[in-house]
Amino acid sequence: MKSHLRFVLALLLARSAMLALKLLKRNGTHFPGHLALKVYPQFLKYLAVAPKIIAITGTNGKTTSTNLILDLLSHTDLKIAHNSLGSNIQEGIIVTMLKSTHFWGQKSKVDLIVMEVDERVSPKIYPYIQPDYLLITNLFRDSYRRNAHVDFIYDILETSLPEKTRLVVNADDVVSSFMAPSHPRLTFGIAPLEHEVQVRDSLIQDVVICPKCDHKLTYAFNRYHHIGQVYCPKCHFTNLPTDIQVIKVDTHVHLKMLDKVYVFPKIGNNITDIYNTVSAIALLVDFGIELSTLQTYFKDITVVKTRFDAIERKGKRVIVMMAKDQNPVAVSRVFDYIRTQKERTCAVIFINENSEHHTGSENMAYYYDTDVEYLNQSHVQQVIGGGHRILDFKVRCLLAGIPEAKLSFSNNEVRCSTLVDFKKVEDVYVLYGTKTEAEALEIRERLFERIEKEVKA
Amino acid sequence: MKIELLYPRITTLYGEIGNVNLLKTCLKDAQFIETQLDQEPYFVHHKPDLIYMGPMTERHQLKIIDRLMPYRERLIDLIQEGVTFLITGNALDLFGESIEDDQHILHPGLSIFAFKAIEDRLHRHNSLVLAQYKGMDMVGFKTQFTQLYPTGQISTWMNVDRGTGFNIDSKFEGIHKNRFYGTNCIGPLLIMNPYFTLDLLKSLGISHPKLPYQEALIAAYHQRVSEFKNPQIINYP
């Protein structure tokens, strides 16, 4: 009885907060969920769930994959609740669940819930909301402070997985793809592509020894970090077979399943964009949508906003990209992308601190797991650091071999826009973190103003 | 000069590979010997100038204890003989009597020093650390699942001014015996503490040590010291 009363009180508070926020036109807040948990920590236990639940988790690519899945599902008649505008932690998921149910939370009003779930909070979600399908994009090192290391997140996920959940996993990732071996799974991946350059020089290599026998693994193909085709010469451990595989990428993405090839539009130029695409497709195939049907959905899909935004003015391009703070793999992937764009000279503005208003002294150890060396290229004419930790970033850049003459810094992120030398560079990459997107967009505006004044058409 | 890196494929978490890369830059003429899991350590039959081991996963902690246990006495001898050890992050846990995991299972450690490690995976411990050693400000970060508890006499390394020591109630951090330096701090430790690194290089016999980009390293260090000393800078809410 007490539990029920607490649930009702929590529900009423949360609903009131949601109404207030709606009236104030505030989206994407998890405050109602926060209130509900304060009153009743087991709030999720008593909420009705939709007939089907899809969850998406993993270190990188969750949001983009989720957005693409939702875009594709919008072609169906399914009534869907999702947290794409909100947060992927417990509080945000509560808001999603409240939106998916009638007032008292005892009856679902949707056919399907699609939720992005932060892997760290899996033990708080899956006991109550048991996904029918779980897409695990990949598992990499992430924030040391929160996620420790890959093993820890793997254990958290594996021990919290409900028995009924089907997995959709990346066969090229021998960490996540082997999770919970008793669960049925569909695998996706990307075959080595024509002209693809392997990246064997990443600082982070989380799978170097065989998980079965500790022998050194051989990488028959190493896409980056631990993504690729591995083989143990001692016990013959290797990747799982790939059910849905990208076999070719030109102006389109060519997928093979069961000896038949399907062609899809290409969204984005980065290999991570291809992974996001094939992961979304694999999830929906496992959900029950035919590949041929998905092809028709792609025809008029709105281009999914990836975290890559390039605008050209007078021959100069400003490219705003997220390089997620405290995530050495995410930042390394961005640096690797820049490394490959050799046809145009560039400046890189790096403003991805996490410390809000500089009230803390942020741990920047992750710089030393990040491949800053990738920016030591002849076409990278300038590396500009902005924010409070510029002295640490300077040390890292120097130790990475980047000539001091190419480096400049500003404590004020937005003032980094004044340090770009447009006589030297054609492109400017503005790399931001979870707390500095506003500054990145401001920098872009300032750069446009400078281009207008200083660059001849 | 010979530097032994113990199990580097699995002991370079949390950016601590930065220590190794800095040492390689400073000691260009040194031979760096990497001992892997399926190899007998170099130190078994030789006396390296420096033995380094950095942080690892909890699963690998137990594996490495298993690998090093047969050579426990040799490690004790080397420490007694004054071989330089630099042990960072949760690698230090291995040198205690035991590691008690989340299920309260006691895993034997190398029992070289008198402490026990207690793990709590539900509550990750993060802290900045400002400490004193030989009149030097030392700075670092803690990010770990274990806390260490002395069970007998130990020779501590640093006195903590701010942040946590062995455990949240302790104001002593790390172990320093002869030339054994072990700390749960990361940073990377050598990059965040250039004066300590210069001191370490001198103790290894480098008469006029100089760090690459020394000015930049020292500038970053002074900023950290000043921040860690500033009470308005919060220490991990």
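In this report, we go over the structure that sits alongside the text. Just so you know, these numbers come straight off a predicted model, no measurement behind them.

### Describing the overall build of chain A
Here comes step 1: Tallying secondary structure elements over chain A gives 12 helices and 17 strands in all.
Here comes step 2: Relative to the globule expectation of 23 Å for 457 residues, the C-alpha radius of gyration of chain A, 23 Å, shows essentially globular dimensions.
Here comes step 3: A buried classification covers 59% of the 457 residues belonging to chain A.
Here comes step 4: Excluding contacts between residues fewer than 6 apart, the proportion of contacts in chain A whose partners are at least 24 apart in sequence is 72%.

### Some thoughts on the pairing of strand β11 (residues 156-162) of chain B
Two faces belong to every sheet, and in a regular strand the side chains alternate between them.
Residues and elements named next belong to chain B.
Here comes step 1: Two elements, strand β8 (residues 125-133) and β11, share 3 bridges in a ladder whose sense is antiparallel. Following the sheet pairing, Gln-132 is matched in β11 by Asn-159.
Here comes step 2: Inspection of the sheet shows β11 paired to strand β12 (residues 172-177) by 3 bridges, in the antiparallel sense. Within β12, the position partnered with Thr-156 by the bridge is Ile-175.

### A look at the packing of aromatic side chains
Here comes step 1: In this structure the tally under the stated criterion is 28 aromatic pairs over all chains.
Here comes step 2: When the ring of Tyr-133 of chain B is compared with that of Trp-157 of chain B, the centres are 6.0 Å apart and the planes differ by 90°; the resulting orientation is edge-to-face. Within this pair, whereas Tyr-133 of chain B is found in strand β8, its partner Trp-157 of chain B is found in strand β11, the two being separated by 24 residues in sequence. The same class applies to Tyr-133 of chain B as to Trp-157 of chain B, namely buried.
Here comes step 3: A connected cluster of aromatic rings, assembled from ring pairs, spans Phe-335, Phe-350, Tyr-366, Tyr-367, Phe-393 and Phe-409 of chain A.
Here comes step 4: The residue whose ring lies beneath Arg-333 of chain A is Tyr-224 of chain A, and the NZ or CZ to ring-centre distance is 4.0 Å.

### Side note on a nonpolar patch on the surface
Residue and element names in this part refer to chain A.
Here comes step 1: A contiguous nonpolar surface patch, about 310 Å² in accessible area, is contributed by Leu-12, Phe-103 and Trp-104.
Here comes step 2: In this fold, Phe-103 is placed in the loop between α4 (90-99) and β3 (112-116).
Here comes step 3: Given the relative accessible area of 43%, Phe-103 is considered partly exposed.

### A word on the interface of chain B and chain A
Here comes step 1: Taken residue by residue, the interface counts 43 residues in chain B and 32 residues in chain A.
Here comes step 2: Here chain B meets chain A over a buried area of about 3,300 Å², counting both sides, of which 56% is carbon and sulfur.
Here comes step 3: Viewed at the interface, chain A and chain B are joined by 7 salt bridges.
Here comes step 4: A salt bridge links Asp-155 of chain A to Arg-59 of chain B; the shortest N-O distance between them is 2.9 Å.
Here comes step 5: Our count for the chain B to chain A interface comes out at 19 residue pairs in polar contact (both at pLDDT 80 or more).
Here comes step 6: Of all elements in the fold, only α1 (17-26), α2 (58-68), β9 (136-144) and α6 (214-229) of chain B reach the threshold of two or more residues within the side of chain B that touches chain A.

### Comments concerning the nonpolar core
Here comes step 1: Leu-294 and Leu-431 of chain A together with Phe-196 of chain B are the most contacted members of the largest nonpolar core, which totals 177 residues.
Here comes step 2: Setting aside chain neighbours within four positions, we find Phe-196 of chain B in contact with Tyr-133, Met-136, Met-138, Trp-157, Tyr-181, Leu-189 and Leu-190 of chain B.

### Describing the environment of Leu-37 of chain A
Residue and element names in this part refer to chain A.
Here comes step 1: Mapped onto the fold, Leu-37 is located in helix α2 (residues 31-39).
Here comes step 2: Once the C-alpha coordinates of Leu-37 and Ala-14 are considered, the two residues, 23 residues apart in sequence, prove to be 9.3 Å apart.
Here comes step 3: Beyond its immediate stretch of four places on either side in the chain, Leu-37 contacts Gln-90, Glu-91 and Ile-94.

### Focus on the packing of helix α5 (residues 194-203) of chain B against α6 of chain B
Residues and elements named next belong to chain B.
Here comes step 1: In the contact formed by α5 and α6, the axes pass within 9 Å of each other and the chain directions differ by 130°. Taken together, α5 and α6 sit at an angle that is classed as oblique. Where α5 approaches α6, its residues Pro-194, Tyr-195 and Leu-198 are matched on the opposing element by Gln-214, Leu-217, Ile-218, Tyr-221 and His-222.
Here comes step 2: The class makeup of the residues in the contact of α5 with α6 is 6 nonpolar, 2 polar and no charged.

### Describing the side chain of Asn-60 of chain A
All names here are of chain A.
Here comes step 1: The topology assignment puts Asn-60 in the loop between β1 (52-57) and α3 (62-73).
Here comes step 2: Polar contacts involving the side chain of Asn-60 include one to the side chain of Asn-327, which spans 3.0 Å.
Here comes step 3: Beyond its immediate sequence surroundings of up to four residues, Asn-60 is in contact with Thr-137, Asn-138, Phe-140, Asn-327, Val-329 and Ala-330.

About the criteria used
Residues numbered from 1 in each chain as written. Chains lettered and ligands numbered in written order. Predicted model: local features only at pLDDT ≥ 70, side-chain atom pairs only at ≥ 80, totals over all residues. Heavy atoms only, no water. Helix = DSSP H or I, 4+ residues; strand = E, 2+ residues; numbered from the N terminus. Rg over C-alpha atoms; globule rule 2.2 N^0.38 Å. Buried < 20%, exposed > 50% of the residue type's maximum accessible area, 1.4 Å probe, protein only. Contact = heavy atoms within 4.5 Å. Pairing = 2+ DSSP bridges. Phe/Tyr/Trp six-rings, centres within 6.5 Å; stacked < 30°, edge-to-face > 60°. Lys NZ or Arg CZ within 6 Å of the ring centre and 35° of its normal. Patch = residues over 30% accessible without salt bridge, like charges linked within 9 Å, V, L, I, M, F, W, Y side chains within 5 Å. Areas by Shrake-Rupley, 256 points an atom, 1.4 Å probe, with all protein chains shown as cover. Salt bridge = Lys/Arg side-chain N within 4 Å of Asp/Glu carboxyl O. Buried area = accessible area lost by both parts, 1.4 Å probe. Polar contact = N/O pair within 3.5 Å; in protein donor to acceptor, adjacent residues only side chain to side chain. Core = buried A, V, L, I, M, F, W, Y, C linked by side-chain atoms within 4.5 Å. Axes fitted to C-alpha atoms, helices over the stretch in contact; angles between N-to-C directions. Parallel < 35°, antiparallel > 145°, perpendicular 65-115°, else oblique. Nonpolar A, V, L, I, M, F, W, Y, C, P; charged D, E, K, R; others polar.

Interpretation in functional terms is not warranted from these geometric data alone.
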